[in-house]
Amino acid sequence: QYMLNGEIAFSPDSIILYGSHAELDTISTVVSEPLQMKRVKESFSEKLKITPIRNVRMNSTFTTVKGDVEKFTEQTISIPIKFLNAPSNIVAVDLMVDKVDITYLIGLSNVQKCYPSDFEAVADYEKLSKNGTIPIEIVRFPQYVRIVQQSPMNDGIIVNYIDSKQNE
């Protein structure tokens, strides 16, 4: 139930290299010693040695890797689906479902500040497929959640609509 909350950070996140032009042209990254951690249940900060590169000096020979770890929980919300970009000749649209259930993981420290209004789901008419389905896309959600499932799935929902040209 413990997960990394956010991105791993390195400090410094870049190293200045000094050497001949010919040497420096062949280098795109520097490598640190490996860090192996098992069953991590708390945030960490570890100093790692940068692997030396022959004939090249560096402004730092160490980097510190940091990660915030916390306990996560799973939550499910149901939000309305917004219909977008209907042509003017479409009089009525039936998406067959009007809400999408979203299951997500969230760190315990963020549970109290996450609301259904932080999420947005859309069905865009411009993405109507030949078989008459439109994908449901989650277009807005907090950066601190990880969506693990949605129902109906984002591969599409059947759409029934009334075209004003059909009634003429």
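Residues numbered from 1 in each chain as written. Predicted model: local features only at pLDDT ≥ 70, side-chain atom pairs only at ≥ 80, totals over all residues. Heavy atoms only, no water.

A. Focus on the pattern of salt bridges. Scanning all chains against the criterion turns up 3 salt bridges. Residue Glu120 is joined to Arg140 by a salt bridge in which the shortest nitrogen-to-oxygen separation is 3.5 Å. Here Glu120, found in strand β10 (residues 120-124), pairs with Arg140, found in strand β12 (residues 136-140); they are 20 residues apart in sequence, far enough to count as distant. Two residues, Lys127 and Glu137, come together in a salt bridge whose shortest N-O distance is 2.9 Å. With Lys127 in the loop between β10 and β11 (133-134) and Glu137 in strand β12, the pair connects residues that are 10 residues apart, well separated along the chain. (Salt bridge = Lys/Arg side-chain N within 4 Å of Asp/Glu carboxyl O. Helix = DSSP H or I, 4+ residues; strand = E, 2+ residues; numbered from the N terminus.)

B. Spotlight on a positive patch on the surface. A grouping of Lys38, Arg39, Lys41 and Lys71 is seen on the molecular surface, where their side chains present a positively charged patch. Tracing the backbone shows Lys71 in strand β7 (residues 69-84). For Lys71, a relative accessible area of 33% translates into the label partly exposed. (Patch = residues over 30% accessible without salt bridge, like charges linked within 9 Å, V, L, I, M, F, W, Y side chains within 5 Å. Areas by Shrake-Rupley, 256 points an atom, 1.4 Å probe, with all protein chains shown as cover. Lys, Arg positive; Asp, Glu negative; His and termini not counted. Charge placed at Lys NZ, Arg CZ, Asp CG, Glu CD. Buried < 20%, exposed > 50% of the residue type's maximum accessible area, 1.4 Å probe, protein only.)

C. The pairing of strand β6 (residues 62-67), seen in detail. Only one face of β6 is buried: it carries Thr63, Val65 and Gly67, and the other face, with Phe62, Thr64 and Lys66, is open. When strand β2 (residues 9-11) meets β6, the two strands line up antiparallel, connected through 3 bridges. In the sheet register, Ser11 faces β6, and the bridge partner there is Thr64. In the sheet, strand β4 (residues 44-49) pairs with β6 via 6 bridges, with the strands oriented antiparallel. Paired with Phe44 across the two strands is Gly67, which belongs to β6. (Pairing = 2+ DSSP bridges.)

D. Inspection of the side chain of Glu70 at higher detail. If you trace the backbone, Glu70 turns up in strand β7. For the buried Glu70, no salt bridge exists, and the shortest N-O distance to an oppositely charged side chain is 8.2 Å, to Lys113. Looking at Glu70, its side chain comes within polar contact range of the side chain of Ser109, at 2.9 Å. With residues up to four places along the chain from it excluded, the contact list for Glu70 reads Gln1, Tyr2, Met3, Asn5, Gly107, Leu108, Ser109 and Asn110. (Polar contact = N/O pair within 3.5 Å; in protein donor to acceptor, adjacent residues only side chain to side chain. Contact = heavy atoms within 4.5 Å.)

E. Seen up close, the sheet that holds β6. Strand order in this open sheet of 3 strands is β2-β6-β4, and the pairing throughout is antiparallel. Pairing within the sheet leaves two strands with one partner each, and these edge strands are β2 and β4. Averaged over all pairs of adjacent strands, the angle between their axes in this sheet comes to 25°, without regard to strand direction. (Axes fitted to C-alpha atoms, helices over the stretch in contact; angles between N-to-C directions.)

F. Geometry of the nonpolar core. Counting 16 residues, the largest nonpolar core has Ile79, Val100, Ile102, Tyr104 and Phe119 as the members making the most contacts within it. At 4 residues, the largest contribution of residues to this core is made by strand β9 (residues 99-107). Sequence-distant contacts of Phe119, defined by excluding residues within four places in its chain, comprise Ile77, Ile79, Ile102, Tyr104, Cys114, Arg140, Phe141, Pro142 and Val145. (Core = buried A, V, L, I, M, F, W, Y, C linked by side-chain atoms within 4.5 Å.)

So yeah, pure geometry; function would need other evidence.
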